[in-house]
Amino acid sequence: MHRAFAPLLLSLTACGAPTESSPPVGTTPTNPGPVAPFSAESWRAEDIEFPPVFAPGLPPGQERVLFAPGMFDVDAPDYWSYTFVIRVEEQGYDAARLTDFFEQYYDGLIVGIADTRELEVPPDPATVRVESSGRRRFDGTVDLVDAFTDGRMIRVNLRMHVVEGDDGSTMLRVRASPQPDGHAIWDQLMMALRTLNV
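Each value, and the rule that gives it
- Residues numbered from 1 in each chain as written.
- Predicted model: local features only at pLDDT ≥ 70, side-chain atom pairs only at ≥ 80, totals over all residues.
- Heavy atoms only, no water.
- Core = buried A, V, L, I, M, F, W, Y, C linked by side-chain atoms within 4.5 Å.
- Buried < 20%, exposed > 50% of the residue type's maximum accessible area, 1.4 Å probe, protein only.
- Helix = DSSP H or I, 4+ residues; strand = E, 2+ residues; numbered from the N terminus.
- Contact = heavy atoms within 4.5 Å.
- Phe/Tyr/Trp six-rings, centres within 6.5 Å; stacked < 30°, edge-to-face > 60°.
- Pairing = 2+ DSSP bridges.
- Axes fitted to C-alpha atoms, helices over the stretch in contact; angles between N-to-C directions.
- Salt bridge = Lys/Arg side-chain N within 4 Å of Asp/Glu carboxyl O.
- Polar contact = N/O pair within 3.5 Å; in protein donor to acceptor, adjacent residues only side chain to side chain.

K.L.:
Before we go on, may I ask you to explain the nonpolar core in this structure?
P.N.:
Generally speaking, a soluble globular protein has its nonpolar side chains buried in company with each other. Grouped together as the largest cluster of nonpolar side chains are 44 residues, with contacts concentrated most on Trp 80, Phe 102 and Tyr 106. With 9 residues, the single largest contributor to this core is helix H2 (residues 95-117). If sequence neighbours within four positions are ignored, Phe 102 has contacts with Phe 84, Ile 86, Asp 107, Val 128, Met 160, Leu 172 and Val 174. Counting 13 residues, the second-largest nonpolar core is a separate cluster that includes Phe 38, Leu 66, Trp 186 and Leu 189.

K.L.:
Looking at this structure, how should I read the packing of aromatic side chains?
P.N.:
The way to describe two aromatic rings as a pair is by their centre distance and the angle between their planes. Across all of its chains, the model carries 16 aromatic pairs by this definition. Ring geometry for Trp 80 against Phe 148: centres 6.0 Å apart, planes inclined by 70°, an arrangement best described as edge-to-face. Taken together, the residues span a long stretch of sequence, with Trp 80 in the loop between strand S2 (61-67) and strand S3 (82-88) and Phe 148 in the loop between strand S5 (137-145) and strand S6 (153-164) at a distance of 68 residues. When sorted by exposure, Trp 80 lands in the same class as Phe 148, which is buried. Aromatic pair Phe 102 and Tyr 105: ring centres 6.4 Å apart, planes at 70°, arrangement edge-to-face. Of this pair, Phe 102 and Tyr 105 both sit in helix H2, 3 residues apart, which is roughly one turn of the helix. In this pair, the class of Phe 102 matches that of Tyr 105, namely buried.

K.L.:
Looking at this structure, how should I read the side chain of Gln 179?
P.N.:
Tracing the sequence through the fold places Gln 179 in the loop between strand S7 (170-177) and helix H3 (185-193). Overall, Gln 179 belongs to the buried group, its relative accessible area being 3%.

K.L.:
Just checking my understanding: could you explain the sheet that holds S5 for this structure?
P.N.:
The pairing of strands in a sheet happens through backbone hydrogen bonds and is either parallel or antiparallel. The antiparallel open sheet is built from 7 strands, whose spatial order is S1-S2-S3-S7-S6-S5-S4. Both outer strands of the open sheet, strand S1 (44-50) and strand S4 (126-134), are each paired with one neighbouring strand and no more. When strand polarity is set aside, the average angle formed by the axes of neighbouring strands in this sheet is 20°. Most of the contacts of H2 go to S4, to which it runs at about 150°, and overall it touches S1, S2, S3, S4, S5, S6 and S7. Contacting S2, S3, S6 and S7, H3 crosses the sheet at an angle of about 150° to S7.

K.L.:
I would appreciate a short explanation of the environment of Val 198 in the present structure.
P.N.:
Position of Val 198 relative to the elements: it lies in the segment after H3. Judged by relative accessible area, Val 198 falls into the partly exposed class, the value being 28%. C-alpha of Val 198 to C-alpha of Arg 87: the two residues are 111 residues apart in sequence and 6.5 Å apart in space. Leaving out residues up to four positions away in the same chain, Val 198 has contacts with Gln 62, Glu 63, Arg 64, Val 85, Ile 86, Arg 87 and Met 171.

K.L.:
Looking at this structure, how should I read the pattern of salt bridges?
P.N.:
Once the charged atoms of two side chains with opposite charge are near each other, the side chains can pair. Considering all chains together, one arrives at 11 salt bridges under this definition. Between Asp 143 and Arg 129 there is a salt bridge whose closest N-O contact spans 2.9 Å. With Asp 143 in strand S5 and Arg 129 in strand S4, this residue pair connects regions lying 14 residues apart in the sequence. A salt bridge links Asp 143 to Arg 155, with the shortest nitrogen-to-oxygen separation between them at 2.6 Å.

K.L.:
Help me understand the environment of Trp 186 in this model?
P.N.:
Note on placement: Trp 186 falls in helix H3. Classification of Trp 186 by relative accessible area gives buried; the value is 5%. On a C-alpha basis, the gap between Trp 186 and Thr 83 in space is 9.8 Å, while along the polypeptide they are 103 residues apart. In this view, Trp 186 contacts Asn 157, Arg 159, Arg 175, Ala 176, Ser 177, Gln 179, Pro 180 and Asp 181; residues no more than four positions away in its chain are not counted. A distance of 3.0 Å separates the side chain of Trp 186 from the backbone oxygen of Pro 180, its partner in a polar contact.

Everything listed here is a matter of geometry and, on its own, says nothing about what the molecule does.
See the structure below:
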């Protein structure tokens, strides 16, 4: 097993398997409750070498991730909220390329996790939509099966900033959460993102 993939699996197995009381497909809990201020000590970090084992078609590079404390807690206001920076050795990232990139990423991730939990998911369990929201900035959504918890369908919002380097590389700076714009988690995600470099 790819050693960068192991921490994801360890987090997963602590969450328990899906049960018959799982919420129906299509629900996305968005607890509006308050979130704790960002603290590096309470957000779990992970580094992943690219291409990851679950998406071998992606270009070489690196990823650094920070997970909010409630990432795998379906009742938490910061459920499925995290931020990450991916540095890849290629350029030319527009909305179409970002859509393809993240569909490969999330499809592979969810299928890989589902396989370890004997959870049935379709071969393409993630649907990604991306559109430009300004110069080198993009907004998107990912509709996916949450194989990390109870198999529910959720929609995760993405806020992306694409930065091209003089060395031919590209840095994707991303915040992700099911919460709507204006929720306090987005400020905490921005604070977390500012601490990340690869």
